[in-house]
Amino acid sequence: MNLDELVVHTKVNRFQQNNFTRKRMRGEETPLSERGKAIQTARQIFLSSGCCILPDVLPIAFVEDCHKQATEDLESLQETMRQTKSKAIATSNVHLLTATQRVDFAEMIARDGNRLDVRYNLDSLVPTELIHHPVVYPLMRELLGSNVILLYAGVMWAMKSEESQKWHADGGHLFAEDDHHSPPHCINVFYPLVDLSKENGATQVQLGTHRRDCDKESVATLPLQVDAGGAILFDYR
């Protein structure tokens, strides 16, 4: 499988709920529209490969506003970090100094590969319209069932670095003792605020490794490349 086979074009780049979304939320049947067919295609790709890419699902003006706010928030946190480190040195607070050196705070945590996981000011950065996106949300319901719950939201910054992110799964299978492959129970959704490419370190995935029956000796490895305003979904496993 190549990158193009993970891409599903939905022709949606707005937030307004449509009849398809509202009816599915009420549990009513809806004829398969063009958008509904795209959602079903994305569902099948996701279940087989463990991920899918939806280009152009957010208005570019909204993406630019989010990027601006995220940048301002990061700069504010970094300034607070510098002040906190100076205070820790001045007061000989070893524990606080260690936390600043490790970047280990509720609002910002350092990850491997020189990444920063920011969890700050999210009420304004993650609006309800983004969570209940007219394509992404129905797709999540198709994959997870009707009772979809948001567990976590944040902004991930990948800084320039020669260090690569370590290969990992974000979590394990729901039932460790079960030898059979189970449907997805947790899904990551990324909305890139910049264009993702090989040059700036797009996340790589090994297709199909979310499945217990995957032949790990013959998996394809691909970078998840998409322009700002798209969405990337991948299985938590």
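This is a predicted model, so every value here is computed, not measured.

Scoring rules and cut-offs
- Residues numbered from 1 in each chain as written.
- Predicted model: local features only at pLDDT ≥ 70, side-chain atom pairs only at ≥ 80, totals over all residues.
- Heavy atoms only, no water.
- Phe/Tyr/Trp six-rings, centres within 6.5 Å; stacked < 30°, edge-to-face > 60°.
- Helix = DSSP H or I, 4+ residues; strand = E, 2+ residues; numbered from the N terminus.
- Expected span 1.5 Å × (residues − 1).
- Buried < 20%, exposed > 50% of the residue type's maximum accessible area, 1.4 Å probe, protein only.
- Pairing = 2+ DSSP bridges.
- Axes fitted to C-alpha atoms, helices over the stretch in contact; angles between N-to-C directions.

Looking now at the packing of aromatic side chains. Aromatic rings considered in pairs are described by the distance between their centres and by the relative angle of their planes. Scanning the model with the defined rule gives one aromatic pair in all. Consider the rings of Phe 190 and Phe 234, whose centres lie 5.3 Å apart with planes at 90°: the pair is edge-to-face. With Phe 190 in strand β5 (residues 187–190) and Phe 234 in strand β8 (residues 231–235), the pair connects residues that are 44 residues apart, well separated along the chain.

Taking 1.5 Å of rise per residue, the 31 residues of helix α3 (residues 60–90) would be expected to cover 45 Å, and the 45 Å separating its terminal C-alpha atoms lies within 8% of that figure. For α3, the set of buried residues is Phe 62, Val 63, Cys 66, Gln 69, Ala 70, Asp 73, Leu 74, Leu 77, Met 81 and Ala 88. Remark: Ser 92 follows α3 within two positions and exhibits a positive phi of approximately 55°.

The next subject is unusual backbone geometry. Negative phi values dominate among residues other than glycine, just as trans dominates among peptide bonds. In this structure, Asn 114 takes a positive phi of about 55° despite not being glycine. Looking at where Asn 114 falls in the secondary structure, it is placed in the loop between β2 (108–111) and β3 (115–118). On the basis of relative accessibility, which here comes to 34%, the residue Asn 114 falls in the partly exposed class. We note that Asn 121 has phi near 60°; this positive angle belongs to a residue other than glycine. Following the sequence through the fold, Asn 121 ends up in the loop between β3 and α5 (122–125).

Pairing within the open sheet is antiparallel, and its three strands lie in the order β2-β3-β4. Edge positions in the sheet fall to β2 and β4 (155–158), since each has one partner strand and no second. Going across the sheet, the axis of each strand differs from the next one's by a mean of 20°, ignoring polarity. When β2 meets β3, the two strands line up antiparallel, connected through four bridges. Paired with Ala 110 across the strands is Leu 116, a residue of β3.

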